[in-house]
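# Structural overview for review
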Amino acid sequence: MKAQESKKGGVLNAHQQTLAAIAALTATGDQKALRPALSKGLDAGLAINEIKEALVQLYAYCGFPRSLNAIGTFKNVLDERASRGIRDREGKSIVVDNKVADKYEQGRKVLEELTKTVQQKPSPGIGEFAPRADSFLKEHLFADVFVSDVLNYRQREFVTISALAAMPGVEPQLKAHILMGKNTGITDVQLAELTDVIEKAAGRTQANMLRKAIDEPELPVIQSDMMVRIAAIEIVPEYLEQYKAILKDQSSVSLKIEPGVISIFPMYQQDKPTVLKLVEIYANKEAYDLHIKSVHFQQYKTTTLKMVKSLELVEMGAISPEAMPLIFEKLK
């Protein structure tokens, strides 16, 4: 156990750290970073079926597309390791069939155990408004999925918290699962250490969302190694409108879903409309690295390759670094 303890506080062992990273990267959709994270988890001793079960469970929290993409990536990782003669532990068998008379009642009781509160039928509010959603939640997630003991309830909540912490816009669900996680034995110290894993996988803004939810001090998003640069791009004239549409979509997606992307502000040169200038600001080098690895950026890059006549990236430095935060204060 001591060999698996983390350097910071010794509360998250290697299994927990790697499982959290796998869950967070599945939620962000970063398949490139997920591959080494999966290998690291296997090397740390996670069983194949433990990882597989976590990825299946995550469809309920980050959607089938990202869950299925992660499962496909995991299969490729296992195939590649097998080709090198690595024999990974299979682990417990996964239960596929859930043969009970009343799945809703089964799921309701599981949710009562997790929340330590009485679960009404139907669930007040959303359950009454959308009964099918309430049924799916109880009968499938907390019955069909949770019936498998490949992962225990504490591990399942740890996976869920890690995924939700990596996703913007799900604070209410994150807070609810933090409470459930504590009911299964997850400690405040473990959650505090989990913020470091989330920061590496999904950026500081997302880690701050978790820090705020557990009453830990947030860390400044704008850091000393903030990246600022100007991209000068000349476009082949016949592709100009098509390129601008793709760029507009890519930059808006980046700003919306990437916490570390502070600005991608495209402009055109009035005396030469085929010359575009972009003011790009990233919270730090790590945020930039995450950006260029993202699925949407890679798609933008390959789609527009033939449209770009020339590209110049000019790295900039602030003359008055102490004044930079004032810009962001005015934008609030």
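Attention here is on the structure that accompanies the text. (Residues numbered from 1 in each chain as written. Predicted model: local features only at pLDDT ≥ 70, side-chain atom pairs only at ≥ 80, totals over all residues. Heavy atoms only, no water.)

Next up on the list: unusual backbone geometry. The step from lysine 121 to proline 122 runs through a cis peptide bond, and the omega angle for that step is -5 degrees. Structurally, the position occupied by proline 122 is in the loop between helix H6 (103–115) and helix H7 (126–129). Backbone geometry at lysine 116 places phi at a positive 60 degrees, although glycine is not the residue there. Following the sequence through the fold, lysine 116 ends up in the loop between H6 and H7. Residue lysine 116 is classed as exposed on the basis of its relative accessible area of 55%. The backbone phi angle of aspartate 215 is positive, close to 60 degrees, even though this residue is not glycine. Within the secondary structure layout, aspartate 215 lies in the loop between helix H12 (204–213) and strand S1 (227–235). The exposed category is assigned to aspartate 215, whose relative accessible area is 70%. (Helix = DSSP H or I, 4+ residues; strand = E, 2+ residues; numbered from the N terminus. Buried < 20%, exposed > 50% of the residue type's maximum accessible area, 1.4 Å probe, protein only.)

Here we come to the environment of valine 159. Relative to the elements of secondary structure, valine 159 occurs in helix H9 (residues 153–165). When the C-alpha atoms of valine 159 and glycine 181 are compared, they prove to be 9.8 Å apart, with 22 residues separating the residues in sequence. The residues touching valine 159, leaving out its near neighbours within four places in the chain, are Leu19, Ala23, Ala54, Gln57 and Leu58. (Contact = heavy atoms within 4.5 Å.)

Counting residues in each nonpolar core, the largest one holds 57 residues, and the members touching the most others are Leu194 and Leu210. The biggest single contributor to this core is helix H1 (residues 14–28), with eight residues. Apart from the residues lying within four places of it in its own chain, the contact partners of leucine 210 are Ile161, Ala165, Leu174, Ile178, Leu191, Leu194, Thr195 and Ile198. (Core = buried A, V, L, I, M, F, W, Y, C linked by side-chain atoms within 4.5 Å.)

Taken N-terminus to C-terminus, the directions of H1 and H9 make an angle of 45 degrees; their axes are 7 Å apart at the nearest point. Classed by the angle they form, the pair H1 and H9 counts as oblique. At the point where H1 passes H9, the crossing takes the right-handed sense. Across from Gln16, Leu19, Ala20, Ala23, Ala24 and Ala27 in H1, the residues of H9 making contact are Phe158, Val159, Ser162 and Ala163. (Axes fitted to C-alpha atoms, helices over the stretch in contact; angles between N-to-C directions. Parallel < 35°, antiparallel > 145°, perpendicular 65-115°, else oblique. Left-handed = near helix turned anticlockwise from the far one by under 90°.)

The final tally for this structure, using the stated rule, is six aromatic pairs. On the numbers, 5.0 Å between centres and 55 degrees between planes, the contact of phenylalanine 142 with phenylalanine 146 is tilted. Residue phenylalanine 142 shares its accessibility class with phenylalanine 146, and that shared class is buried. Here phenylalanine 146 and tyrosine 153 contribute two aromatic rings whose centre-to-centre distance is 5.7 Å and whose plane-to-plane angle is 45 degrees, an arrangement assigned as tilted. The exposure class assigned to tyrosine 153 is partly exposed, which follows from its relative accessible area of 24%. Grouping aromatic residues by their ring pairs yields a cluster made of Phe142, Phe146 and Tyr153. (Phe/Tyr/Trp six-rings, centres within 6.5 Å; stacked < 30°, edge-to-face > 60°.)

The next point concerns the side chain of histidine 296. Mapped onto the fold, histidine 296 is located in helix H15 (residues 295–304). A polar side-chain atom of histidine 296 sits 3.2 Å from a polar atom in the side chain of serine 294. Leave out the neighbours within four places in its chain, and histidine 296 touches Gln250, Val253, Ser254, Ile257 and Glu258. (Polar contact = N/O pair within 3.5 Å; in protein donor to acceptor, adjacent residues only side chain to side chain.)

Sheet topology places S1 next to strand S3 (residues 272–282); eight bridges connect them, and they run antiparallel. Bridge pairing in S3 links alanine 232 to lysine 277. Strand direction decides the pairing type here: strand S2 (residues 261–269) and S3, joined by eight bridges, are antiparallel. In the sheet register, valine 261 faces S3, and the bridge partner there is tyrosine 282. In this antiparallel pair of consecutive strands, S2 and S3, the connection spans two residues. (Pairing = 2+ DSSP bridges.)

Given a rise of 1.5 Å per residue, 18 residues ought to cover 26 Å, and the 26 Å separating the end C-alpha atoms of helix H13 (residues 240–257) matches this to within 8%. Buried within H13 are the following residues: Leu240, Tyr243, Leu247, Gln250, Ser251 and Ser254. In an axial view of H13, the angular spread of the buried residues amounts to 100 degrees, which keeps them on one side of the axis. Facing away from the buried side of H13 by over 90 degrees, the exposed positions are Glu241, Lys248 and Lys256. As for H13, its buried residues are in contact with S1, S2, S3, helix H14 (285–293), H15 and strand S4 (308–316). (Expected span 1.5 Å × (residues − 1). Arc of directions from axis to C-beta.)

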